[in-house]
Structure formats: C-alpha cells, structure tokens
Amino acid sequence: VNQHPPAEGELPLTHVADGLGFRGMLETGVLRPEPCPVFDGEPLLYLFYGRPAYRVNSQRLSSAIDAYAPVCLILRPDGLGSPKRVFPFDSGAFSGERFAEAMHRKMLLEDFALDPDLEGPLKLIALFFGDRDRYYRNAPLQQVAIPPLSFEALSYHILITSRHENGFDERISAIELQSQDSLDLSTAAEAVVLPDGFATDEVLQRLAALHITALPYDYIPRLRPESYTGAIYTIVRDYYRRRGYL
Amino acid sequence: VTTGPKAASLHGLVNPVDVTPAFAIPLFQREGGGNDLLAQIIGRDGRVENFTPIEIGLYQVNHDVEPVRLEVGQPALWAFQWDAARWLVTTREALSDELLRFSASADLTPLLRLAIARFVPRAGDTDALVRKAFEHLFQYSPESAALWRDLIILLPAARAALRSELPSRSRAALRAADDVTLVCEGPSLRLGVSRPILAAFDDDRQHLLAALSPIRPLAGAFDIDRFEIVENSDRRARELASDPSDAPRPLVTLVPLSRIGRSMATAAGHHSRLRTVGIESLSPDIASKLSPDIDARAGDLFIILLPDEADELADAERLASSLVGRGCLPAAIVVRSYHPAPPPGSDSAASERRFDQLARTARWVAVIGGPQTGGHALQPLVDGADPSRNSPTHIGKWLVRAFLAAAQDQQAGREPLDLAFKRGRGPKFAVPGVGSATGRGAVRTAVEAAYASARASLLDPETARSIAAFLIRGHTAESDARQQCLDQIKSRARHESAVSLYETVLPTLKNRVYVVLLARGFSSDSISWTPRADMGKLRDHGWSYTRLREQGENLDLEIWKDAAEFGVMDLDRRLTTTAEIEEITSGMPMYRGPVVLMFEQLPDIKIRNQLLLHGVIAASIDRLDLLDNLSRQPLRTIVSRLLRAKAGDVLKAMAVFVRDQLMRLLWQEEPGVSVWDQSPTRDETFEIEGWLTETEPFEGRLEPFELDGRGPGRVVFFSGVLRITPAETKAGYPVAFGFKIAIDDHGLRLREPMRFLGAEVQSGDTQLKLDL
C-alpha cells in the first residue's frame, strides 16, 4: 500500500460521539484522547477517514447508545497534525475478533498498520477503491493487483469485498486514525451533524462561537438503530458534495 | 436481532440526547433475570418485533417505572422526558395526545416542535414549523440554516418526489435519483441531475420540473418559487450512465490443482477446444499462483479440481474464499484416493478440517472416490448398462465433460448453468455418478447405472436435495432422450428436490447415452449415524428416515413414506402452555411443509389442535398410527383447524408456516413469483437475486399479514407483505414482496403473482401502502 500513489483530493476526518461525550467536548472546546484498552491504556483519540463510522465498543453484538442518537463531528482534512497510527479498519473490531473468519489467526493488528501520515489513507483508497467516492460508498474494486505473498493485503481485500452474511458493516473498510494529541475544535472542526433535540439555544450558540456549522437531523426514536447510521451517511455525503470533497 | 427474547420487562428509561425535553428510550430486561439491557426493535406496524441488547455507558437510567411485561407482537412503548422529574412511557397514541397538549403550552425550540409534529402527524402545518426552525437556526448561523434547509429538508424531499415520478425504473435512473444535488439561492432552487435522470424523462425538463411539484409547498416555506434543472456532468454521473460492456466471459472456469486436477481437466478435452464451448481451463502455472492472477468477475462460475490432500485443500480454500470475495461462485471437485490404510505421515484430522473449511466457502464440494469405489473397475452396475469403470479419474473426466455439455446446453438457450451452483438449491456436499448404455431403453438404463454409481460413493442419491443431471448422447440415440431422462430422475427424486437437466449431442457416440449426475445431499457421516433405538419403530410402520443436517435447521430427522414426507423435531419434554407452543414453533423451519413434533408421550387433544394451527403435527413413537392417518393429507387436518379458530389466533399461529412457504417460492423462483431488481441502495445496485438465494427462511418477516376470508370449499385466504430483513439492512430501504395466497387441503398457492414492492415503498415513518 505504501508504494502505491495516493488518490487525488482529500476527505475530512470524522468522530462520532454520543450526547454526553459531545457535551463534554462543547464545554471545553477540545476533543481529547482517552485511555484505550486495546492499546494498553494508552490515551488515544479515534477518528475515521471520511466516513461517519463509530467504533465497535466491545466484543458483544449489542448497539451502543450512540447508535441511537449519534453526533458526528466533521474535522478539516488538515485538522489533525500527524496521527500516531493508521489502520485500514476499525482496530477495536479486529481486537474483538469480529473479522476472525476472514483473517488468518496468526495475523496481528500491527501487520495491517499503514504509515502514520495522512497520505496512507489516500494510498489505500487508490489501491483498493480507486477513488474517494467509491471509498465513501464502500464500493471496493473487485480486481486489485496484489503481489502473491502480500497475505495481509489479500486478506483485507477479501474482507472488504466479502458479500456473504458476515455481520460486518461498513466499518470493515473505514480507515481509522489514532492521535495522541488533543484537538482544538475551533480550528479543527468544520461541521457537526447532531440530533435536533440536542440543538438547544445553548448548543447552537456555542457551535456558532466555535465556527462550526450545525446540521441538526430529525431525531425521534426510530424503529431500529441502523436507521440513524444510514441517515447520517447520506447527510455527510451531501455535505461533502456541497463542499467539494466528493 | 432475530434471536432476542420473546418477552421482556420494562426496566427503566434513558434519554440519549441528555437534554430536556426530548424523546427517551425505554429499556427492558429479560424476564427471570439477566443484567443485559434491551431495547425494542419496532416493526412498521408499531408493534415490537424483537428485543436487542443496548449498552448505555455512563448514561443515567430513570428506574422509576412499572415493570410492565411486553411481548413481541404487542404495541411498542414510547417515552418522553419533559424535565428532570417528569417522564412518560406509554403507547404511541397516548404519547401523541400528551405531546399535543404539551407542545401547545410549553416553551419549546422550533426544532423540537417540528420533531413533535413529525411524530404526531395531526399536530398541524409542518411547513410553517419548518420555516420557524430555519429562522431559529439563522439567528445563530446563516450558513448552518442554509445547509440545513438544502441538505436536510429539501434534498431528501426532492429525491423522494423524483423517485416516485421516474418514468423509467432502470437501475441507472434509480441510482441517479439518489445522486441528485440541490442548492438554493434567494428564491431559486437548483437541482443538479445526471444524464440517466434526464434520459428517463426523455430530456423533457418541463416534465422533470412537474415531477418536483410535490415539494413546492415545502420550498414555498423558504420563499423559494423558482426551480431550475442543471445537468451534473461529473465523472460519477458518467459512471452511473455508462453501461459496462463486458467481453464474453467463460461460462465456467476450471482450476486444476496438482497432477490429479490436471489429468481430470485434460481428459475432458484440450483447453483450446474447451474454450470454444465456454469452458476456460487455466494452465497449471496460473492455477498454482492462485487468486491474484485469475481473471474473475462477479457471477463467474469456477470449478476447482484437486486431490484430497491437506495442502491442496488449503490452497483450494484460499482460492475459493478469494473468489467468493469477488462475487464469484466457486465449487470444488475433490478426488478422494483409495488408501487401504492411511499413508504414513498423513494427518487425516488436518485434511478433514481443511475439507470442512473448503465446504463452507465453496458453493458445493463434490467428492469422488473413497473406500467403496477405490480404483476398482466395477462390473455392470445395472443389467444392460455398459460395463463401466467407476474409478475416480473416470468419474472425474465425465463430470468435467458433463459441465462441458451443460455449457453447450446453456448456449442453446436451455437451463442456465449457474442453476447447478445455486445455494438455495441444495446442501454443500455432492457426489457424482456416471452411467452409460446403448440401444433401446438406453436412457433408462444409463440413469439407473448413474444412480448405482453415485450410490457406490458416499451418499444415497435418492435422498438428494438437488440433482444436476447431464445427458450426453449420440445422434442416433432415442430422440426423446431428454424428456425420458428428466421424467425418470424426477420420478426418483423427492418432490421438493430441484432438478436441472443439461443435454448435449456428440455424434461420435452414435446410439450411446451417457448420464452424469451431480447429487447434492448431506455429508457422509449420515451413513454411519444411528438414531435413538426406538426410532426403529418408524421403519416398522413403513417410514424411511434420515438425519437432517442442514445448516441453521433445528430439525432432527426427515421421514418419508409414499408421497408423505416431513421434517421431525424430537422433543423430550411436554408442552403445556400457549407460550411454550409459541416458543417451540417459532423456530421450526416449515418451508418444506408441515413439521412433525415427536413427543415421548402424545399430548392431549387441545395441545395437538393448537399445534396443528401452527402447521405442526404432534406424534409419538408409540402412536405412529395417528401419524399414518394424518400423513395422507396433512393439510386437510390443518385447514380444518384454520377454518374453526379465531382470526387473531390463525394469524399468530400461521405466520411462520406462511413465511417459510413464501420464502420457498422465492428460493425456487416459481413462475408465479416475479422478482426483479429495480431498487437502488444508498448508491450501489442491489443484487436482489443473490440476496434471495443467500437468505434463510427465518430472515423474512410478514408485515403486514392479514386474513382475508375463509371457506366455502375449505379455503383460507391471506394477504400481506413479505419483507427480507438482511436485504433491507444492506439496502437501507424496504425489500418487500406483496402476496395474496390461498391455503386449502392441497397446499399453499398464490392467487396472483408475488410482486416486488421494493421501489414502491419508501422507508421512514410512512405506513406501507398495499396496492395489490
């Protein structure tokens, strides 16, 4: 992947939180790393490249509450200095062995790490998806020239192109970035997609002060949590198009 | 989500946005303990469809609730939090009344008023509320307000209007409808569309503008009254518009691994000759490099030829999973060599494990050879048949030739070859058989011999779930050979088995006929399996039986006698309550028809009648005479119950039976089922065919499901919509089939073709409209 030329253009970074987490961010104006059990308690801030994915928070197949009223922060592509680590998928899901069927059991998470910079995601996108639009749509290329002995790349390709009933969602190919730095929202964030119930006067005022565009979406309890994910993907995609990212 | 509990108790409430006032989520717990918190999954009818675990992290739970018991199928509960002390949890209707009262008096943000108005449709003019919400946002950020108006309010409305008015239902047009862009400036709304949309409206922009008229009142709320259409000519639009023009693809590609694989491939014919009929045989150097260099596209058929050796099995599995990842349909033919004793140093456990892995990945795995066939040359298997050799290489050669015949048959416009690869058509385990004969009655004799040849292997072909039969005949063979062959196989096959027949003529065979069978059934260990001792009584009553080992099924046996055949669940406990009956019947697969529940002791008549209402026949090993009586016309007894029971009970009880029967019709693509793909997913084409064959019956749901009437003439009429859960999850919009059916003494039949409604119903909170 590292030898592949990067895809053209760039995409914003995203961070999906629940209402409680978002309120904390607004109060301080800072997005902070938190101790991460997957990496021995190291304080890490998790972001995804382009897609409004949220992290798998445990090995259990339950929905977290942030799936019921998600808040998606859209960060400027240059909002993060340099990431600590970059993975081609949700490292939490890998550690939770959610991908076990597609991966050889001896493969280690570290074997999948990309170079820790913002070109890594674009190289991966160019190789496995062709362009940013296909990456956002989770439409991987079916035919990819992978050298025969690149087993991790091959496994990743199988994983992202697998269409049989595997219980994965788009997080299998959402590029994850980890940072050890705190991010100042007023310079790093450009928009937030949030439940309309959350868009109180106080919140709108604070977002305006931080120069963050507010995109409140229709929040009433829906029939099932997946409904929110689909709705937010569409809003974020339309936002990217409007801003010329896609 | 299909495996949650059937009932749960209300445990508390949580407000996920953590500000008030706001909608809240009712939390439940399993009855009888368990710490997991559960949330309702609510069906479109507003009833609880299931309970799913939910993790609430650091959120505070309000435990001040009555522990109401809620069952699947009951109206869902909804909750709202007014302030720190005041919460309400109740039905949607009662909450709507309360919200109406509340929103009239309270000081709410315009956004919350709008949310309440959407929840309670009778709350008033939502367009005016949209305007107020816009003005409210504008105070804080004009940019936020403009983006909210364009992207969150007007664009989804424009997409919905466009989709419902599209004159063309082509995939490209439907996908492009999802891809439109929208920008408002002053009083103007500019809709950017791509070429397929314009083409769908014959480049008539006035017509397109008229299609947008339903959103004019909403746009008017923002003082927008000028609509303009522009063509988006970006790369994505071209991609949407373009039709992929593929070079001709091989009908099937052989991938020979190791010497045995190569000898099978070359025995079938030289690769250049194979190519002329659409079979590509990969050269060993390409095959040995495995997946990266193999030209494979979605839908391509592959057959991997290999010996039963651990290394080759591992290679084949890697290759198969890579091909599956590319959307191809791989199958494998494994030659099991005959070893009087395991060869020194062999690790049979590793081989078996790899074999299982291969079987899981590939569409099917055919096994040739084994201890009973070995390298022996068998004497005539059937009187009149050619003294045919039954060695693995001989069978392998003819099996590959048979696929060649199938490829030619497909070119002649007959059975499509991928039928033999369909997942819904049978289990993974397959055995081949080859028979040949000459002269009069050759077809019949060759079929007999092919069955005998397959039987000598690891599976009794009479019990096969699906049979691909290949007829290869000379030009002077009986002219009705095809029909004869089909008739004879069908007369041997169980009635629900799928049979596909391929035929080819090779003049050099003159009046000789070869019949090759590929019978898909259950794995070889069913041969050594013995049921519990008293099941032998089934044989005394003339029933044959075999173990049922289909993936995902919780039935134990399959029994058959004459025309009757049933799946059997062996139950070692008594059923006494309705809840127990519901629990046990809800998990029974009924796509083959009524199921027999075998008790140690026959339950009383009330329980038996309740079970019948669910399509389940109660039996016991000591009263097989009762089963004999029912088995002649099992549906007659069931219909009698359906005619007498209360309508509500009928609907509740028949849901599984009807759902499974409809799923079977979809699987088998019966002529009455019109299935076609005309729906876009978020951006991608939704390949509905694959979803159907890869969908288990329990993944469908009936929503709605209605009893339309009963009798005269002992008929019960139902109608409704069958929705396919995994397809919907993937697609993000309804995947639904409207049905009208009748059940009588002879079975379930469609009163009119099932219709795919996917593109006609919109997701969201609008109720499904049935226009059948």
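From a predicted model like this one, the values you see are computed outputs, not experimental measurements. (Residues numbered from 1 in each chain as written. Chains lettered and ligands numbered in written order. Predicted model: local features only at pLDDT ≥ 70, side-chain atom pairs only at ≥ 80, totals over all residues. Heavy atoms only, no water.)

A. Highlighting the overall build of chain B. Scanning chain B for helices and strands turns up 26 helices and 29 strands. Considering only contacts in chain B between residues 6 or more positions apart, those separated by 24 or more positions represent 67%. For chain B, the computed accessible surface area is about 32600 Å², with 48% contributed by carbon and sulfur atoms. (Helix = DSSP H or I, 4+ residues; strand = E, 2+ residues; numbered from the N terminus. Contact = heavy atoms within 4.5 Å. Areas by Shrake-Rupley, 256 points an atom, 1.4 Å probe, with all protein chains shown as cover.)

B. Local environment of the overall build of chain A. Secondary structure assignment for chain A yields eight helices and eleven strands. The burial tally for chain A puts 61% of its 246 residues in the buried class. Intrachain contacts of chain A at a sequence separation of at least 6 include 75% that bridge at least 24 residues. When the accessible surface of chain A is split by element, carbon and sulfur atoms take 49% of a total near 9400 Å². (Buried < 20%, exposed > 50% of the residue type's maximum accessible area, 1.4 Å probe, protein only.)

C. Spotlight on the nonpolar core. Counting residues in hydrophobic clusters, the biggest one holds 169 residues, and the most contacted among them are Phe 22, Phe 128 and Leu 194 of chain A together with Leu 99 and Trp 148 of chain B. Of the residues forming this core, the biggest block, eleven residues, is contributed by helix H4 (residues 142–165) of chain B. Residues contacting Leu 194 of chain A, with those up to four places away along its chain left out, are Phe 22, Pro 70, Val 71, Ala 199, Val 203, Leu 207, Ala 214, Leu 215, Pro 216 and Tyr 217 of chain A. (Core = buried A, V, L, I, M, F, W, Y, C linked by side-chain atoms within 4.5 Å.)

D. Region of the structure containing the pairing of strand E1 (residues 13–17) of chain A. Residue and element names in this part refer to chain A. The element E1 is largely enclosed, with a buried count of five among its five residues. Taking every second residue as pointing to the same face, both faces of E1 are buried, with Leu 13, His 15 and Ala 17 on one and Thr 14 and Val 16 on the other. When E1 meets strand E4 (residues 42–49), the two strands line up antiparallel, connected through two bridges. Paired with Thr 14 across the strands is Phe 48, a residue of E4. (Pairing = 2+ DSSP bridges.)

E. Geometry of the pattern of salt bridges. Under the criterion given, the structure shown has 35 salt bridges over all chains. For Arg 149 of chain B, the salt bridge goes to Asp 150 of chain B, with nearest N and O atoms at 2.8 Å. Between Asp 203 of chain B and Arg 195 of chain B there is a salt bridge, with its nearest N and O atoms 2.8 Å apart. Residue classification places Asp 203 of chain B among the partly exposed positions, given a relative accessible area of 43%. Among the charged side chains, a salt-bridge network with shared partners connects Arg 237, Asp 238 and Arg 241 of chain A together with Arg 159 and Asp 179 of chain B. (Salt bridge = Lys/Arg side-chain N within 4 Å of Asp/Glu carboxyl O.)

F. Representation of the packing of aromatic side chains. Residue and element names in this part refer to chain A. Inspection of every chain in the model, using the stated rule, returns 27 aromatic pairs over all chains. Where Phe 22 meets Phe 198, the ring centres are 5.4 Å apart and the plane angle is 55°; that geometry is what we call tilted. Here Phe 198 lies in the loop between strand E10 (189–195) and helix H7 (201–209) and Phe 22 lies in helix H1 (residues 19–28), a separation of 176 residues in the sequence. Phe 198 matches Phe 22 in its accessibility class, with the two residues each being buried. (Phe/Tyr/Trp six-rings, centres within 6.5 Å; stacked < 30°, edge-to-face > 60°.)

G. The packing of helix H16 (residues 442–455) of chain B against helix H17 (residues 481–492) of chain B, seen in detail. Residues and elements named next belong to chain B. Between H16 and H17, the least distance of the axes is 9 Å, while the angle of their chain directions is 45°. Accordingly, the angle class assigned to the pair H16 and H17 is oblique. By crossing handedness, the relation of H16 to H17 is classed as right-handed. Across the interface between the two elements, Val 443, Arg 444, Val 447, Glu 448, Tyr 451 and Arg 455 from H16 touch Ala 481, Gln 484, Cys 485, Gln 488, Ile 489 and Arg 492 from H17. Along the lines of polarity and charge, the residues of the contact of H16 with H17 split into six nonpolar, two polar and four charged. (Axes fitted to C-alpha atoms, helices over the stretch in contact; angles between N-to-C directions. Parallel < 35°, antiparallel > 145°, perpendicular 65-115°, else oblique. Left-handed = near helix turned anticlockwise from the far one by under 90°. Nonpolar A, V, L, I, M, F, W, Y, C, P; charged D, E, K, R; others polar.)

H. The arrangement of the environment of Leu 748 of chain B in detail. As for its position among the elements, Leu 748 of chain B is in strand E29 (residues 747–756). Sequence-wise, Leu 748 of chain B and Phe 657 of chain B are 91 residues apart; in three dimensions their C-alpha atoms are separated by 9.9 Å.

I. Geometry of helix H1 (residues 92–105) of chain B. Residues and elements named next belong to chain B. Its 14 residues give H1 an end-to-end C-alpha distance of 20 Å, which sits within 8% of 20 Å, the value for a rise of 1.5 Å per residue. Residues of H1 that are buried include every one of Leu 95, Ser 96, Leu 99, Phe 102 and Ser 103, and no others. The arc that holds the buried residues of H1, viewed along the axis, is 135°, so those residues lie on one side. Exposed positions of H1 whose direction lies more than 90 degrees from the buried face are Glu 93, Arg 101, Ala 104 and Ser 105. Against strand E2 (22–30), strand E6 (78–81), strand E7 (87–90) and helix H2 (110–119) lie the buried residues of H1. (Expected span 1.5 Å × (residues − 1). Arc of directions from axis to C-beta.)

J. Broad picture of the sheet that holds strand E9 (residues 188–193) of chain B. Residues and elements named next belong to chain B. Pairing in this open sheet of three strands is mixed, and the strands run E8-E9-E10 from one edge to the other. The sheet is open, and its two edges are formed by strand E8 (181–185) and strand E10 (226–231), each paired on a single side. Each neighbouring strand pair of the sheet contributes to a mean axis angle of 20°, computed without reference to strand direction. The pairing of E9 with E10 spans six bridges and is classified as parallel. Counterpart to Ser 188 in the pairing with E10 is Arg 226. Where H4 meets the sheet, it contacts E8 and E9, and its direction lies at approximately 125° from that of E8.

K. Region of interest: the pairing of strand E4 (residues 48–55) of chain B. Counting buried residues along E4 of chain B, six of its eight residues qualify, which places the element largely inside the surrounding structure. Where strand E3 (residues 38–42) of chain B folds back onto E4 of chain B in an antiparallel hairpin, the turn is made up of five residues, including Gly 46 of chain B, whose phi is positive at roughly 80°.

L. Looking closely at the packing of helix H3 (residues 126–140) of chain B against H4 of chain B. Residue and element names in this part refer to chain B. Closest axis-to-axis distance for the H3/H4 pair is 6 Å, and the angle between their directions is 145°. Taken together, the residues of H4 that come into contact with H3 (itself represented by Val 130, Ala 133, Phe 134, Leu 137, Phe 138 and Tyr 140) are Pro 142, Ala 145, Ala 146, Trp 148, Arg 149 and Ile 153. When the residues that make up the contact of H3 with H4 are grouped by side-chain class, the tally is eleven nonpolar, no polar and one charged.

M. Spatial organisation of the side chain of Asp 308 of chain B. Residues and elements named next belong to chain B. Structurally, Asp 308 can be placed in the loop between strand E13 (301–307) and helix H13 (310–325). The exposure class assigned to Asp 308 is buried, which follows from its relative accessible area of 19%. Setting aside residues no more than four positions away along its own chain, Asp 308 makes contact with Leu 313, Val 334, Val 335 and Arg 336.

N. Quick peek at a negative patch on the surface. Together, Glu 27, Asp 201 and Glu 202 of chain A together with Asp 107 of chain B line one region of the surface with negative charge. Residue position: Glu 202 of chain A is located in helix H7. A residue is classified by how much of its surface remains accessible, and Glu 202 of chain A, at 66% relative accessible area, is exposed. (Patch = residues over 30% accessible without salt bridge, like charges linked within 9 Å, V, L, I, M, F, W, Y side chains within 5 Å. Lys, Arg positive; Asp, Glu negative; His and termini not counted. Charge placed at Lys NZ, Arg CZ, Asp CG, Glu CD.)

O. Representation of unusual backbone geometry in the model. Pro 21 of chain B follows Thr 20 of chain B through a cis peptide bond whose omega is -5°. Mapped onto the secondary structure, Pro 21 of chain B falls in the loop between strand E1 (7–14) and E2. Following Glu 703 of chain B, the chain continues into Pro 704 of chain B via a peptide bond in cis, with omega recorded as 0°. Position of Pro 704 of chain B among the secondary structure elements: in strand E26 (residues 700–710). In the Ramachandran plot, Asp 40 of chain A falls in the positive-phi region, its phi being about 50° despite a non-glycine side chain. With respect to the helices and strands, Asp 40 of chain A occurs in the loop between strand E3 (34–36) and E4.

P. Molecular detail of the confidence of the model for chain B. Residues and elements named next belong to chain B. For chain B, the mean per-residue pLDDT works out to 77, and 75% of the residues sit at or above 70. Element-level mean pLDDT values for chain B span from 36 in helix H18 (residues 525–528) up to 94 in E7. This model gives residues 235–247 a pLDDT under 50, and the stretch forms 23 contacts once residues within four places in sequence are excluded. The low-confidence segment residues 674–690 (pLDDT under 50) makes 62 contacts with residues lying over four places distant or belonging to another chain. Here the predicted complex carries an ipTM of 0.93, next to a pTM of 0.52. (pLDDT = per-residue confidence, 0-100.)

Q. Structural context of helix H21 (residues 605–613) of chain B. Residues of H21 of chain B that are buried: Ile 607, Leu 611, Leu 612 and Leu 613 of chain B. Where H21 of chain B terminates, the next one or two residues include Gly 615 of chain B, which has phi positive at roughly 85°.

R. Quick peek at the confidence of the model for chain A. Residue and element names in this part refer to chain A. Residues with a pLDDT of 70 or more make up 82% of chain A, whose mean pLDDT is 82. The secondary structure element of chain A with the lowest average pLDDT is strand E5 (residues 63–64), at 61, and the one with the highest is strand E6 (residues 71–75), at 95. The model gives residues 57–62 a pLDDT under 50, and that stretch makes 13 contacts with residues more than four places away or in other chains.

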